[in-house]
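Read off the chains here:
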Amino acid sequence: MTDWAYFDYAATTAIDEEIFTVYTAALREYFANSGAFYDLAKKSFEAIFAARCEFATAIGADSSDEIIWTSSATEANNLALKGVCLHKDVREGRLITVATEHKAVLDAAGSLLKNAVKVEILPPRADGIVDLDALEAALKERKTTLVSVMAVNNETGVVQPMREIADLAHKYGAKFHTDATQALGKIPVNIADWDCDLASFSGHKIFAPKGIGALFVRKFPKVRVAAQINGGGQERGMRAGTLPTALIIAFARACRKAVENQENWQKITENLRAEILNNLPEKICLNIADNTPHCSQILSLATDKNSRELLELANTHKIAIAAGSACTTETLQGTGGSYVLKAMNKQAVAAKSLRISLAHCSKNWEIERLINFFQKI
Ligand SMILES: *Cc1c(COP(=O)(O)O)cnc(C)c1O
């Protein structure tokens, strides 16, 4: 496809060939507005309904009604945090989240602060896992509306204990939202097991096109979500706007594919990961210990050089890698490195780290180029 060695799957993926075919066929076939009256439009409506069922089943939701289509995971996170904490029935909104969350959660939390919602941002433990004792202490302090903790961290690959967090949140009467954007295809995803009330997803992280995301909103017990985009009342009044039928169909298929192939993809990437780790020079090491729960696709590596320099060098070798999340790379120099690693008390390596993200489709020649690059730095 390209002559680039691509190791930035956590930033985005290229569309899968099968999804591409499904997507382009749907663009032509289902152009009619799914909200219109005539039978041609009903075809679009029914195709969206089928996609909703496919998606809901794949993630282990109870009902297709629980899927709210959005434009992205950023929008889904905004809808979850603002929609729950700013709902008119909430008198004194309070959010608890963690310092290692994606900016889409942290910035939405910042905006809530300006709207008189109390926001508690917990530091994680040094291994990146949420400190359950600190979470319980914060929940005991005063009534909390929502707890938001991501499933898989996009910079470190650290996997959070979903069920334990849900149980704590529910014990103190709070709802639980998870940004599960990086979870599909990497770890088993099951809403029923996780017992979460809301969960965010994105198409372009799982080989579907960009411009489509979803928010799972539990029906029983009910979660009250105030719309953040107002209009024609689509998506049970929670998110207005004409539904992008082809994107939805492509996303649902990609979601099912990711869930069905998760174990297989994990095995493949475990081998690729081992190959990289076995060939690392001594001065480069993992930021995450082997015994910390993590996915196999994301490697956070500490080096002895400035991340910016390494990114520039990698670029000349046509290697696509990242220092942290894509959205913060620009400001790396100014801020002194990854806020995620800093939150984990890894100040010393925060500006000297690289993120390698793999996928089942990573090629041997790409791994070889990366290993050669590591030998040179
Ligand atoms: C990529 C990503 C997002 C943002 O997703 P978009 O669909 O690009 O808005 C949010 N959270 C995590 C963990 C991500 O990796």
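Coordinates for the structure precede this section.
Notes on the structure follow. Bear in mind the structure is a predicted one, so any value in this text is a computation, not a measurement. (Residues numbered from 1 in each chain as written. Predicted model: local features only at pLDDT ≥ 70, side-chain atom pairs only at ≥ 80, totals over all residues. Heavy atoms only, no water.)

1. Section: the overall build of the protein
- Within the protein one finds 14 helices and 12 strands.
- In terms of C-alpha radius of gyration, the protein reaches 21 Å, essentially the compact-globule figure of 21 Å for 377 residues.
- Taken along the three principal axes of its C-alpha coordinates, the protein extends 65 × 55 × 35 Å.
- Every one of the 377 residues in the protein was classed for burial, and the buried ones make up 56%.
- For the protein, the proportion of contacts with a sequence separation of at least 24, taken over those separated by at least 6, is 72%.
- Accessible surface for the protein amounts to roughly 16300 Å². Of this, 51% is attributable to carbon and sulfur atoms. (Helix = DSSP H or I, 4+ residues; strand = E, 2+ residues; numbered from the N terminus. Rg over C-alpha atoms; globule rule 2.2 N^0.38 Å. Buried < 20%, exposed > 50% of the residue type's maximum accessible area, 1.4 Å probe, protein only. Contact = heavy atoms within 4.5 Å. Areas by Shrake-Rupley, 256 points an atom, 1.4 Å probe, with all protein chains shown as cover.)

2. Details of the pattern of salt bridges
- Evaluation of the coordinates by the stated rule reveals 23 salt bridges.
- For Glu-235, the salt bridge goes to Arg-52, with nearest N and O atoms at 2.8 Å. Within this pair, whereas Glu-235 is found in the loop between strand S8 (213–217) and helix H8 (245–278), its partner Arg-52 is found in helix H2 (residues 39–59), the two being separated by 183 residues in sequence. For the pair shown, Glu-235 and Arg-52 are each scored as buried.
- With a closest N to O distance of 2.9 Å, Arg-218 and Asp-197 form a salt bridge. Of the two residues, Arg-218 is situated in the loop between S8 and H8 and Asp-197 in the loop between helix H7 (191–194) and strand S7 (198–202); the sequence distance between them amounts to 21 residues. Accessibility assignment for this pair places Arg-218 and Asp-197 in one class, buried.
- Several salt bridges share partner residues, and in doing so they unite Asp-16, Glu-18, Glu-54, Arg-253, Arg-256, Lys-257 and Glu-260 into one network. (Salt bridge = Lys/Arg side-chain N within 4 Å of Asp/Glu carboxyl O.)

3. Concerning H2
- Compared with the 30 Å implied by 1.5 Å per residue over 21 residues, the 30 Å span of H2 between its first and last C-alpha is a close match.
- Looking only at H2, the buried set comprises Ala-41, Ser-44, Ala-47, Ile-48, Ala-51, Arg-52, Glu-54, Phe-55, Ala-56, Ala-58 and Ile-59.
- Summarising the contacts, the buried residues of H2 are in contact with strand S2 (67–70), H7, S7, S8 and H8.
- Backbone geometry just downstream of H2 places Gly-60 in the positive-phi region, at approximately 80 degrees. (Expected span 1.5 Å × (residues − 1).)

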